[in-house]
Amino acid sequence: MRRPPRAPHTGPVSDWVLHVDLDQFIAAVEVARRPELRGRPVIVGGNGDPAERAVVATASYEAREFGVDSGIPLRLAVKRCPDAVLLPVDAPAYQEVSDRVMARLREFPVVVEVLGWDEAFLGATAGDPEALAAEIRRGVEEETGLSSSVGIGDNKLRAKLATGFAKPAGIYRLTQENWWDVMAERPTDALWGIGRKTAKKLAEAGYSTILGLAAADPDALAARFGPKLGPWYRLLAGGIGDAEVSATPYVARSRSRETTFQQDLTDPDAIASETAALARRVAQDVADEGRPAARVAVKVRFAPFLTHTHSVTLPAPSSDPAVLAAAAQDLLGRFAFGKPVRLLGVRAEFPRA
């Protein structure tokens, strides 16, 4: 694909949104701990044992060349890349490195809004945001030895998308000035917030490109996709989004627990029992959070790898384990259990602020 045109790199002092994304973060942390793995395909997931049921948490760029992506079963990943080094997930190690990165970012004259272990939005005022981005990349590398990519935008949406053009280990600017040159003819799932399923539905409705979606009749979109989602898709296509970066500490929107079973479940009583156990664990997480849950969701992954989710809004926000467990059990009744179950999950969602 032709490299999108860049916007000019200099200009008057302005407000910018930068999106910092650590390249292949989890794999990079593992390689930093084991330098002998540099340049080799590395896959991180589960306990690092392909004989167990687990999915890929991340893969190094060398492994991705073989079609190994996050979320695919480890067994499939090994088939695609038999020479890969498999490693178990080590969440505490990743959190420690992430904390160091975020602390380093806060040393710059920016507002830092953490999105997760490996990414953050930065609010900055600068005349040359590329120069600032380069300084940030150097700072992260000096602190941790990790590579990062930085997207520059005039709002969060454009900054986030710009990072995709910057990867790996680069800097890219995407603003209103070059939005249409870069994005107009791309499919709608190139937008942050529109996945493949939604893009397919949009294409069936006649909106296959971002330009086509941006030019759509908002009333027609509202009628087809709902009064909120339809118009929102059109705004996304125009590159319109929130430009405010907040340093407010990250607050979880939900708490969830899930279990992948090494042997498929087929007995309804066993499925109900495992769901109840997950609900109790989630209820404890909710109690520890000190906020009541507003919705409960249950996820079921059927063999071989088909996943369905159902959710329900509680009559009133609650932290009562009995209420959350009852909601989870009721949701089980919405599934058609015609196939063996390989994974169960329960999620409690907190009220939106």
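Parameters at a glance
Note on numbering: residues in each chain are counted from 1, in written sequence order. Totals for whole chains, interfaces and linings use every residue, but because this is a predicted model, local features are given only for residues with pLDDT of at least 70 and side-chain atom pairs only at 80 or more, for both listing and counting. Heavy atoms from the whole structure form the basis of all side-chain values; hydrogens and water molecules are not counted. By the criteria applied, helices consist of DSSP H or I runs no shorter than four residues and strands consist of E runs no shorter than two, each listed in order from the N terminus. As defined in this context, the radius of gyration uses C-alpha atoms, and a globule is described by 2.2 Å times the residue total to the power 0.38. Only the protein chains shown count as cover for residues, with accessible areas throughout obtained via the Shrake-Rupley method and a probe of 1.4 Å. In this tally, Lys and Arg are treated as positive and Asp and Glu as negative; His is ignored, and so are the chain termini. In this description, the location of a charge corresponds to atom NZ of lysine, CZ of arginine, CG of aspartate or CD of glutamate. Side-chain atoms within 4.5 Å link the members of a nonpolar core, which is a set of buried Ala, Val, Leu, Ile, Met, Phe, Trp, Tyr and Cys residues. Using a 1.4 Å probe on the protein chains alone, a residue whose accessible area is under 20% of its type maximum counts as buried, one over 50% counts as exposed, and one in between counts as partly exposed. Note on contacts: a residue pair is in contact if any heavy atoms of the two residues lie within 4.5 Å. To estimate the expected span of a helix, subtract one from its residue number and multiply by 1.5 Å. By the convention used here, strands pair only if DSSP detects at least 2 bridges between them.

Draft legend 1. Molecular detail of the overall build of the protein. The number of helices and strands found in the protein is 13 helices and 12 strands. Relative to its length of 353 residues, the protein is compact, with a C-alpha radius of gyration of 22 Å against a globular reference of 20 Å. Element-wise, carbon and sulfur atoms account for 52% of the exposed surface of the protein, whose accessible area totals about 17800 Å². When the 44 positive and 45 negative side-chain charges of the protein are each reduced to one mean point, those points stand 4 Å apart.

Draft legend 2. The arrangement of the nonpolar core in detail. If you look at the biggest cluster of nonpolar residues, it comprises 35 residues, and the most contacted ones within it are Leu18, Phe25, Leu105, Leu122, Leu132 and Ile136. The element contributing the most residues to this core is helix H4 (residues 91–105), with six residues. Here leucine 18 is in contact with Ala120, Phe121, Leu122, Pro129, Leu132, Ala133, Ile136, Val150, Gly151, Ile152 and Ala159, once residues within four sequence places are set aside.

Draft legend 3. Quick peek at helix H12 (residues 268–289). The end-to-end C-alpha distance of H12, which contains 22 residues, comes to 31 Å, matching closely the 32 Å that a straight helix rising 1.5 Å per residue would cover. Of all the positions in H12, only Ile271, Thr275, Ala276, Leu278, Ala279, Val282, Ala283, Asp285 and Val286 are classed as buried. Taken together, the buried residues of H12 touch strand S9 (254–265), strand S10 (293–302), strand S11 (306–318), helix H13 (321–332) and strand S12 (341–349). Just past H12, the residue glycine 290 takes up positive phi, approximately 80°.

Draft legend 4. Structural view of the sheet that holds strand S4 (residues 85–87). Reading across from one edge, S3-S2-S4 is the order of the three strands in this open sheet, with mixed pairing throughout. The open sheet terminates on both sides in strands that have one partner only, identified here as strand S3 (58–59) and S4. As paired elements, strand S2 (residues 42–44) and S4 share three bridges and run parallel to each other. Its bridge partner being in S4, valine 42 is matched across the sheet by valine 85.

Draft legend 5. Up close: the pairing of strand S5 (residues 111–116). The pairing of S5 with strand S6 (residues 119–126) spans five bridges and is classified as antiparallel. By the bridge assignment for S6, glycine 116 is matched with glutamate 119. With antiparallel pairing between neighbouring strands as the criterion, S5 and S6 make up a hairpin whose turn holds two residues.

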